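Okay, here's what each chain looks like letter by letter:
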Amino acid sequence: MDNPPSIARTSAAELYDAHVLKSYARAPLTLVRGRGSRVWDDQGNRYLDFTSGIAVSALGHCHPDWVAAVQRQAAELIHTSNLFRNPNQGELARRIVGYAGPGRVFFCNSGAEANEALIKLARLHGVKKSNGEEGKCYTVLCAKQAFHGRTFGGMSATPQEKIQHGFRPMTPGFEFAELNNLRSFADLVNAGTAAILVETIQGEGGIHACTPDFLKGLRELCDKNNLLLMLDEVQCGIGRTGRFFAFESAGIRPDAIGMAKGLGGGFPIGAMWVGERSAELFQPGMHGTTFGGTPLACAAALSVLDVLERENLFTHVAKESAPWLEALGKLPKDFPQHISGLRGSGFLVGLQMVGDPARYVTALRERGLLAVSAGGNVIRLLPPLNATAAELAESVSIIRTALGTLGA
Ligand SMILES: *Cc1c(COP(=O)(O)O)cnc(C)c1O
């Protein structure tokens, strides 16, 4: 546990500077402890964590039930690979099917991997459409401003210069249309189109939601042309909007769903749900992962679902987000030089800033509130799903104080 004797222990900052790949512009903060909606840094400063590790810590930090479930499972059986069954994976699949609808679930370890599985599903659907011939029908239609992850499939579905630059050529088979513009999607559909993949609510792109009419339109478009409707719910799913999946409010059902972030409550796990019409496209040997769906990861996710249900956090998010959004909604009027608008629903909220959000994220952090920036000058607020009314109100007063002391 202890480092070799030295005059002064090397600081975390020095170790990062010396040894960690420079792929992130990190905040100058070393977090050492968390409890509920709070985290502490190594200087003893306390923060209200409305990043939730980017929508991951659904139950906040170190929820006692979650900790007990993970500790219990860690002492019992951690990993077996998918060469064998384990007692938790089937149960977690059953629970997800309960939310998503009749179908089957594939477990992986991240959002990008869930989306890779969706893209492979689209390719298999295209082969089926072409009577077994490969290479005829494989295009996936995605949205401009989308974010689907950093793997080659995910990046190729993410038409942002800052994501793709330096890594081209991309994987072929992706085309891009305007979110909430059904016509622009319909115009791209042809015999080579296999699927449509959109985030129900774009997160990294700056909190832009598909309207219910748009989702219904996509459903019809897919039905008419035998395309799979695939929804990326990696960020907006698992209760964040007050429903298990964000698409539920539109009253449609997709053919496949990618999920991850909040599912494990901090333990890495991702999943693809496939509706029964397409679930048999994957047969033994066609896809896999060594780590996906371990007893430990599934125990963590089962504990998240148990707590969400038992503590009624869907209702909590729906109820507590209303006054919070109302209070946040006054900010653009009171601070027009800084904030021009508010978007989002439930505990997935974006403040549209007038300029670069980086200075605001810093100002909030210095006053004890952690928030995440997003594309298009947006600051995201992603409280844990059990954040209290008092904590939500506290976030608003920190934002007010910070903005009040910032110059134009
Ligand atoms: C975070 C995110 C991903 C990527 O998930 P990772 O776990 O970082 O691979 C994909 N899609 C959406 C919508 C996301 O928010």
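Look a little higher up for the structure.
These remarks concern the structure in this document. (Residues numbered from 1 in each chain as written. Predicted model: local features only at pLDDT ≥ 70, side-chain atom pairs only at ≥ 80, totals over all residues. Heavy atoms only, no water.)

1. Some thoughts on the pattern of salt bridges
At step 1: For the coordinates displayed, the defined rule picks out 18 salt bridges.
At step 2: For Asp 65, the salt bridge goes to Arg 310, with nearest N and O atoms at 2.3 Å. Taken together, the positions of Asp 65 in helix 3 (residues 64-74) and Arg 310 in helix 10 (residues 295-310) put the pair 245 residues apart, joining distant regions of the chain.
At step 3: On the basis of relative accessibility, which here comes to 31%, the residue Asp 65 falls in the partly exposed class.
At step 4: Note that Arg 95 and Glu 309 form a salt bridge whose closest N and O atoms lie 3.3 Å from each other. With a gap of 214 residues between them, Arg 95 in helix 4 (residues 89-100) and Glu 309 in helix 10 connect regions that are remote in the sequence.
At step 5: Taking the relative accessible area as the measure of exposure, Arg 95 reaches 15% and is therefore buried.
At step 6: Three or more residues joined by partner-sharing salt bridges are found here, namely Glu 91, Arg 94, Arg 95, Asp 306 and Glu 309. (Salt bridge = Lys/Arg side-chain N within 4 Å of Asp/Glu carboxyl O. Helix = DSSP H or I, 4+ residues; strand = E, 2+ residues; numbered from the N terminus. Buried < 20%, exposed > 50% of the residue type's maximum accessible area, 1.4 Å probe, protein only.)

2. Things to note about the nonpolar core
At step 1: If you look at the biggest cluster of nonpolar residues, it comprises 81 residues, and the most contacted ones within it are Phe 185 and Ile 196.
At step 2: Ranked by residue count, the leading element in this core is helix 10, at ten residues.
At step 3: If we skip the residues at most four places from it in the chain, Phe 185 touches Leu 141, Cys 142, Ala 143, Ala 177, Glu 178, Leu 179, Ile 196, Val 198, Phe 214, Leu 218 and Leu 221.
At step 4: Counting residues in hydrophobic clusters, the runner-up holds 19 residues, among them Ala 117, Cys 142, Leu 197 and Leu 228. (Core = buried A, V, L, I, M, F, W, Y, C linked by side-chain atoms within 4.5 Å. Contact = heavy atoms within 4.5 Å.)

3. Description of the site of the ligand
At step 1: Taken together, Ser 110, Gly 111, Ala 112, Asn 115, Phe 147, His 148, Gly 149, Glu 199, Asp 232, Val 234, Gln 235 and Lys 261 form the complete shell of residues around the ligand.
At step 2: Phe 147 has a polar backbone atom sitting 3.4 Å from a nitrogen atom of the ligand.
At step 3: One nitrogen or oxygen atom from the side chain of Asp 232 is found 2.8 Å from a nitrogen atom belonging to the ligand.
At step 4: Considering the ligand on its own, with 380 Å² of exposed area, one finds that the protein chains cover 81% of that surface. (Near = heavy atom within 4 Å. Polar contact = N/O pair within 3.5 Å; in protein donor to acceptor, adjacent residues only side chain to side chain. Areas by Shrake-Rupley, 256 points an atom, 1.4 Å probe, with all protein chains shown as cover.)

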